[in-house]
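# Fold and contact review
So you can see what is in the structure, the chains are spelled out below.
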Amino acid sequence: MQSEKTSVEKTEIEKSTASLFERSFDAFIVRYVEPKIPQGIQPNQITFVGFGFGMLAAIALYLTGVNRDWAWVAVVSLILNTFADSLDGAVARARSLTSQRGFLLDHLLDQLIFVALFLSVGFSNYALLPIAVMGAIVANLHLILELYWIHLKNKFPLPLLGPIEVRATAMVLIILTFFWDGSVLTLREIPFGWFDVVNAIALPLSFTEFCSSALKLYQELDGPKGEPS
């Protein structure tokens, strides 16, 4: 596995290489967007702005159950949140403003957004609530495991579906739901919408990836003296 180095303060963390899609998007942000940001703008300020757009997306997604036109507010808000999520790191690295506080804010607020998005879908009548709740739980499991990797091994393994892929998938599903808000398929008289179908496929794969990563971390850790590794 190829890796790149990123740093939080003076702590060097080995970060697995992001997907081609994410690398291309980040390169676009670094080349065309970051240079246009005024010098007085701090990375954490961008993080909070992105968090605001992310929560607006979650609220708008919930309100699509009342008026479908809110779907477009959700899509635009997610686009702006995606830009901010990449831009805060680009500004921090380009201007030597990386910090532990920034690292914490970036990951913690991202996680709050993902949980809010899953729950808003579940309560919007566009998805089955139990499946949406499971999505929020699995997303939190990945965050907890990532923090254990960082704390114990100074490694940051990225999941196959990174934050930018999750946001892009959500945008596509919102648009599909806007034009087709009925059930995509029905199993045992239970209707499944677009979000349900995708989550039913993605969640088992994501949980399997979580278990595999957890096992790998366990195998890399030191055991009691005399115990074979």
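Residues numbered from 1 in each chain as written. Predicted model: local features only at pLDDT ≥ 70, side-chain atom pairs only at ≥ 80, totals over all residues. Heavy atoms only, no water.

## Focus: the overall build of the chain
The condition that has to hold: The helix count covers DSSP runs of H or I at least four residues long, the strand count covers runs of E at least two residues long, and both are numbered beginning at the N terminus. Note that the radius of gyration is over C-alpha atoms, with the globule rule given as 2.2 Å times the number of residues to the power 0.38. Classification of residues uses two cut-offs on accessible area relative to the type maximum, computed with a 1.4 Å probe and protein chains only: under 20% is buried, over 50% is exposed, and between them is partly exposed.
Secondary structure assignment for the chain yields seven helices and five strands. Listed N to C, the secondary structure of the chain is β-β-α-α-α-α-α-β-α-β-β-α in terms of helices and strands. Relative to the compact-globule value of 17 Å for 229 residues, the chain shows a C-alpha radius of gyration of 19 Å, a close match. Each of the three principal axes of the chain carries a C-alpha extent, and together these read 55 × 55 × 25 Å. Counting over 229 residues, the chain shows a buried share of 38%.

## Describing the packing of aromatic side chains
We count it as follows: Ring pairs shown here join Phe, Tyr and Trp side chains whose ring centres sit within 6.5 Å, with only the six-membered ring taken for Trp; geometry is labelled stacked below 30 degrees between planes, edge-to-face above 60, and tilted in between. Two thresholds decide whether a charge sits over a ring: the Lys NZ or Arg CZ must be within 6 Å of the ring centre and within 35 degrees of the ring normal.
Within this structure, the stated rule accounts for seven aromatic pairs. Between the aromatic rings of Trp 72 and Phe 179, the centroid separation amounts to 6.2 Å while the plane-to-plane angle is 75°, which identifies the pairing as edge-to-face. You can see Trp 72 sitting in helix H3 (residues 70–94) and its partner Phe 179 sitting in helix H6 (residues 163–179), a full 107 residues away along the chain. Among the residues examined, Trp 72 registers a relative accessible area of 36% and is labelled partly exposed. Taken together, the ring pairs connect Phe 25, Phe 28, Tyr 32 and Phe 83 into an aromatic cluster. We note Arg 68 situated over the ring of Phe 178; from NZ or CZ to the ring centre the distance is 4.9 Å.

## Brief notes about the packing of helix H2 (residues 43–63) against helix H4 (residues 100–122)
How we decide: Each axis is a line fitted through C-alpha atoms, taken for helices only over the stretch in contact, and angles between the N-to-C directions span 0 to 180 degrees. Each angle is binned into one of four classes, with values under 35 degrees roughly parallel, values over 145 roughly antiparallel, values of 65 to 115 roughly perpendicular, and all other values oblique. Contacts are assigned to residue pairs that have any heavy atoms within 4.5 Å of one another.
Orientation of H2 relative to H4, taken along the N-to-C sense of each, is 5°, at an axis distance of 8 Å. Judged on the interaxial angle alone, H4 and H2 are roughly parallel. Facing H2, whose interface residues are Asn 44, Thr 47, Phe 48, Gly 50, Phe 51, Gly 54, Met 55, Ala 57, Ala 58, Leu 61 and Tyr 62, H4 presents Arg 101, Gly 102, Leu 105, Asp 106, Leu 109, Leu 112, Ile 113, Ala 116, Leu 117, Ser 120 and Val 121.

## Concerning a nonpolar patch on the surface
For clarity, the threshold we go by: Residues enter patches when they are more than 30% accessible in relative terms and free of salt bridges; like-charged ones are connected within 9 Å and nonpolar ones (Val, Leu, Ile, Met, Phe, Trp, Tyr) within 5 Å. Exposure was quantified through the Shrake-Rupley algorithm and a 1.4 Å probe, taking into account, for residues, occlusion by the shown protein chains and nothing else. A pair is scored as a salt bridge if a Lys or Arg side-chain nitrogen falls within 4 Å of a carboxyl oxygen belonging to Asp or Glu.
On the surface, Tyr 62, Leu 119, Phe 123, Leu 129, Val 133, Met 134 and Ile 137 cluster together into a nonpolar patch covering about 580 Å² of accessible area. With respect to the secondary-structure elements, Phe 123 resides in the loop between H4 and helix H5 (129–153).

## Considerations on unusual backbone geometry
Its identity is not glycine, yet Ser 96 carries a phi of approximately 55°, on the positive side. Inspection of the secondary structure puts Ser 96 in the loop between H3 and H4. For Ser 96, a relative accessible area of 66% translates into the label exposed. One non-glycine residue, Asn 154, lies in the positive phi region at around 55°.

## As for the pattern of salt bridges
Within the structure shown, the criterion is met by four salt bridges. A salt bridge links Asp 85 to Arg 167; its shortest N-O distance comes to 3.4 Å. Placement of Asp 85 in helix H3 and of Arg 167 in helix H6 is noted, with a sequence separation of 82 residues between them. Taking relative accessible area as the criterion, Arg 167 reaches 1% and is therefore assigned buried. For Glu 220, the salt bridge goes to Lys 155, with nearest N and O atoms at 3.1 Å.

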